[in-house]
Amino acid sequence: MSAGRYSCLLLPLCVSVLAHRQPGAPAASVPAADNSLVWGPGLEANIVLPVRFFYIQAVDGSGKNLTTSPGEKTFEVKIVSPSEPFTRIWIQVLDRQDGSFLVRYRMYATYTDLHIHVLLQDKHVAKSPFILKGPVYHEGCLCPQPVGSVWEAHMRCPQSFAQIDRDLSLYTTVDPDLNAQEIPQRFGQRQSLCHYTVKDNKVYVKTFGEHVGFRIFMDAILLSLTRKVRLPDVEFFVNLGDWPLEKRKPTEKLHPIFSWCGSNNTRDIVMPTYDLTESVLETMGRVSLDMMSVQANTGPPWAEKNATAFWRGRDSRQERLELVKLSRAHPDVIDAAFTNFFFFKHDESLYGPLVKHVSFFDFFKYKYQINIDGTVAAYRLPYLLAGDSVVFKQDSGYYEHFYKELRPWEHYIPVRADLGDLLEKIQWARDHDDEAKTIALAGQRFARSQLMGDSIFCYYFKLFEAYAKLQVTEPKIRKGMELVEQPADDLFPCACHRTTAKEVKDEL
Ligand SMILES: *[C@@H]1O[C@H](CO)[C@@H](O)[C@H](O)[C@H]1NC(C)=O
Ligand SMILES: *[C@@H]1O[C@H](CO)[C@@H](O)[C@H](O)[C@H]1NC(C)=O
Ligand SMILES: *[C@@H]1O[C@H](CO)[C@@H](O)[C@H](O)[C@H]1NC(C)=O
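Because the structure is a prediction, the values reported are computed rather than measured. (Residues numbered from 1 in each chain as written. Chains lettered and ligands numbered in written order. Predicted model: local features only at pLDDT ≥ 70, side-chain atom pairs only at ≥ 80, totals over all residues.)

Looking now at the overall build of the protein. The helix and strand inventory of the protein stands at 14 helices and 21 strands. The C-alpha radius of gyration computed for the protein amounts to 25 Å, which stays within 12% of the reference 23 Å derived for 508 residues, consistent with globular compactness. If you line up the protein on its principal axes, its C-alpha atoms span 80 × 65 × 35 Å. In the protein, buried positions account for 40% of the 508 residues. Pairs at least 24 apart in sequence give 66% of the contacts found in the protein among residues at least 6 apart. (Helix = DSSP H or I, 4+ residues; strand = E, 2+ residues; numbered from the N terminus. Rg over C-alpha atoms; globule rule 2.2 N^0.38 Å. Buried ≥ 20, exposed ≤ 12 C-beta atoms within 10 Å, placed from the backbone. Contact = placed C-beta atoms within 7 Å.)

Here you go:
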């Protein structure tokens, strides 16, 4: 035993650290600047995102990855531009508590050449400084890459998304002229819809129905995309309601409707939910729960998490009432309670008193998270997966754009739609702690790699691109459509140095 560790024994805090260590396990190792790894999209000038991000993996002197945090302040990141004495860039280094860090930064202006310094006690880490050459555009800059395939290559978008292929396989062609007549007739009276046309990379919209507030999310992603890449001319309808709409059978005449949620009984074309989309656009802005902040707030390590299954939410579905009843009957297994009553009659004798809202990050004090449908799919699933608890997912007819990529027992523990086997499944997890932890980590890996901002942009782009190819008549700016303007309040206007689409055509 080293002298350092010996003296440490005198302090109660250190005693508890030693007590937690497995016998024979080495002392926590120290990261080495040369060995540590730095990678990710935020190191590339051409990957323009609302918030750019990259990763640091702490590696010790012998080449081993650290698996616990070496301390929140271990790495320092500075971003400078040689041409600008003051860069307006907000940087955060998020400790993921597993030996890795997520660095995110939001740029408020565009710079020529950015130098990213990643430092460990004033020593450059890995290949730091990382140099992003040429103009590095910020989110607000209107500067679309004129060639979609070039943008896709920069973004490293996957070749395809299975859900897009599946959704569009129901259509051999789509006819914008016909849809412009038929869809408002069929749905425009009772549903809230947006009719969009993107033409020459400008966005036009007409709304139908009363509750059109949610169009802000669709407007925002379309404007953000068209600032980054030239979209093909495309015309489509977005359903602003919760429930998917197209209930006809594939053998009948289908109308293509874009929705945030799909279901087993409908044929809507799914997009990432408005919630996930907004969290991508407003990370380090209006939202506090996003796929990055959640990674830095995953609660205590697995062994110290409470082995009670946890749930909080509102009464938006019958099974949620059942869950709370189950919790009241088995409080040692499930802690489920309502924070709000809205849909059903609140009977305190059955469902208990309402409890105070719990910060989402505090969910991860618990090992077992229950994901149960609300009105439609529960849009919290991406964030639950990103934590380091294991998710119990209720079987459901509703799905988001990524659900079909998830596999039961690999990324989550499946639970019957009627929750009939929930207690049994929780018991299984308690009896198979290592397996449960493995599933938790696989779900987390999925969320970290498939549900970040770059993937969401790729998904939307590939969807519009594939859909546009099916069009057999020209997308048009229809009567009653208005231009959706790019925000004019950007404090730091930028100069766009990309060639225009016209110049590209002239060259070809
Ligand atoms: C160390 O971490 C990096 C980055 O996460 C990973 O790619 C690599 O496989 C890890 N190495 C080992 C030996 O686990
Ligand atoms: C675990 O959580 C349950 C329910 O929230 C609580 O009653 C119990 O006291 C907690 N256990 C520990 C060890 O903190
Ligand atoms: C929905 O469909 C999937 C297969 O695509 C199936 O696994 C699941 O059980 C269905 N769920 C419900 C509730 O219909």
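Having seen it, we continue.
Taken together, the neighbourhood of ligand 3 is formed by Asn264, Asp395, Ser396, Gly397 and Ala417. Its residues assigned to classes, the shell around ligand 3 shows one nonpolar, three polar and one charged. (Near = placed C-beta within 6 Å. Nonpolar A, V, L, I, M, F, W, Y, C, P; charged D, E, K, R; others polar.)

The strand order across the open sheet formed by four strands is 1-2-5-4, and the pairing between neighbours is antiparallel. Of all strands in the sheet, those with a lone pairing partner are strand 1 (37-39) and strand 4 (89-95), marking the two edges. Direction aside, neighbouring strands of the sheet carry axes that sit 20° apart on average. Summarising the sheet, strand 4 and strand 5 (residues 100-107) pair through seven bridges and their orientation is antiparallel. Of the residues in strand 5, the one forming a bridge with Gln92 is Arg104. (Pairing = 2+ DSSP bridges. Axes fitted to C-alpha atoms, helices over the stretch in contact; angles between N-to-C directions.)

Inspection of the secondary structure assignment puts Gly63 in the loop between strand 2 (52-57) and strand 3 (75-80). With 32 residues separating them along the chain, Gly63 and Pro31 place their C-alpha atoms 9.2 Å apart.

Averaged over every residue, the pLDDT of the protein is 92; the share at 70 or more is 93%. Contacts of residues 1-26 to residues separated by more than four positions or lying in other chains number five contacts, the stretch itself having pLDDT below 50. (pLDDT = per-residue confidence, 0-100.)

This paragraph deals with helix 7 (residues 274-281). By the criterion of burial, helix 7 is predominantly enclosed, with seven of the eight residues buried. Within helix 7, burial applies to Tyr274, Leu276, Thr277, Glu278, Ser279, Val280 and Leu281. Those residues of helix 7 that are buried are in contact with helix 6 (215-228), helix 10 (381-386) and helix 13 (453-469).

Each strand in a sheet pairs with its neighbour through backbone hydrogen bonds, running either in the same direction (parallel) or in the opposite one (antiparallel). Taken in spatial order, the five strands line up as 16-15-17-18-20 in an open sheet, and their pairing is parallel. The open sheet has two edge strands, strand 16 (334-340) and strand 20 (413-415), and neither has a second partner. Strand-to-strand twist across the sheet, computed as the mean angle between neighbouring axes with direction ignored, equals 25°. With six bridges connecting them, strand 15 (residues 306-314) and strand 16 associate as parallel partners. Bridging across to strand 16, Gly313 finds its partner in Phe338.

Right, let's get into the environment of Gln97. Of note, Gln97 is situated in the loop between strand 4 and strand 5. Residues Gln97 and Pro301 lie 204 residues apart in sequence; the distance between their C-alpha atoms is 8.1 Å.

Judged from the seven bridges that link them, strand 9 (residues 193-199) and strand 10 (residues 202-208) form a sheet pairing that is antiparallel. Directly across from Lys199, in strand 10, lies its bridge partner Lys202. In sequence, strand 9 turns back onto strand 10 through a hairpin of two residues, with Asp200 there showing a positive phi of about 50°. Inspection of the sheet shows strand 10 paired to strand 21 (residues 482-484) by three bridges, in the antiparallel sense. Note that in strand 21 the partner of Val203 across the bridge is Val484.

Now for the pairing of strand 2. Two elements, strand 1 and strand 2, share three bridges in a ladder whose sense is antiparallel. Bridge pairing in strand 2 links Leu37 to Gln57.

It is at 11 Å that the axes of helix 3 (residues 148-155) and helix 13 come closest, and there the two elements cross at 155°. Regarding the angle of helix 3 to helix 13, the classification is roughly antiparallel. Judged by the twist between their axes, the crossing of helix 3 over helix 13 is left-handed. Along the contact surface, helix 3 presents Gly148, Glu152 and Met155, while helix 13 presents Asp454, Phe457, Cys458, Phe461 and Glu465. (Parallel < 35°, antiparallel > 145°, perpendicular 65-115°, else oblique. Left-handed = near helix turned anticlockwise from the far one by under 90°.)

The next subject is helix 8 (residues 318-329). The end-to-end C-alpha distance of helix 8, which contains twelve residues, comes to 17 Å, matching closely the 16 Å that a straight helix rising 1.5 Å per residue would cover. Where helix 8 is buried, its residues contact strand 15, strand 16, helix 9 (348-351), strand 17 (366-371), strand 18 (390-394) and helix 11 (422-431). (Expected span 1.5 Å × (residues − 1).)

Taken as a class, soluble globular proteins show a tendency for nonpolar side chains to be buried jointly. Counting 128 residues, the largest nonpolar core has Tyr196, Val238, Phe392 and Tyr460 as the members making the most contacts within it. Looking at this core element by element, the count peaks at eight residues for helix 13. Apart from the residues lying within four places of it in its own chain, the contact partners of Tyr196 are Val203, Tyr204, Val205, Leu222, Glu235, Phe236 and Val238. (Core = buried A, V, L, I, M, F, W, Y, C linked by C-beta atoms within 7 Å.)

Where helix 6 meets helix 7, the closest approach of the two axes is 10 Å, and the angle between their N-to-C directions is 50°. Between helix 6 and helix 7, the interaxial angle falls into the category oblique. Considering only the axes of helix 6 and helix 7, their crossing is left-handed. Residues Phe217, Ala220, Ile221 and Ser224 of helix 6 form the contact with helix 7, whose participating residues are Tyr274, Thr277, Glu278 and Leu281.

Looking along the chain, the bond that leaves Ser128 and enters Pro129 is cis, with omega of 0°. With respect to the secondary-structure elements, Pro129 resides in the loop between strand 7 (123-124) and strand 8 (130-136). At Asp200, a position not held by glycine, the phi torsion is positive, near 50°. Position of Asp200 among the secondary structure elements: in the loop between strand 9 and strand 10.

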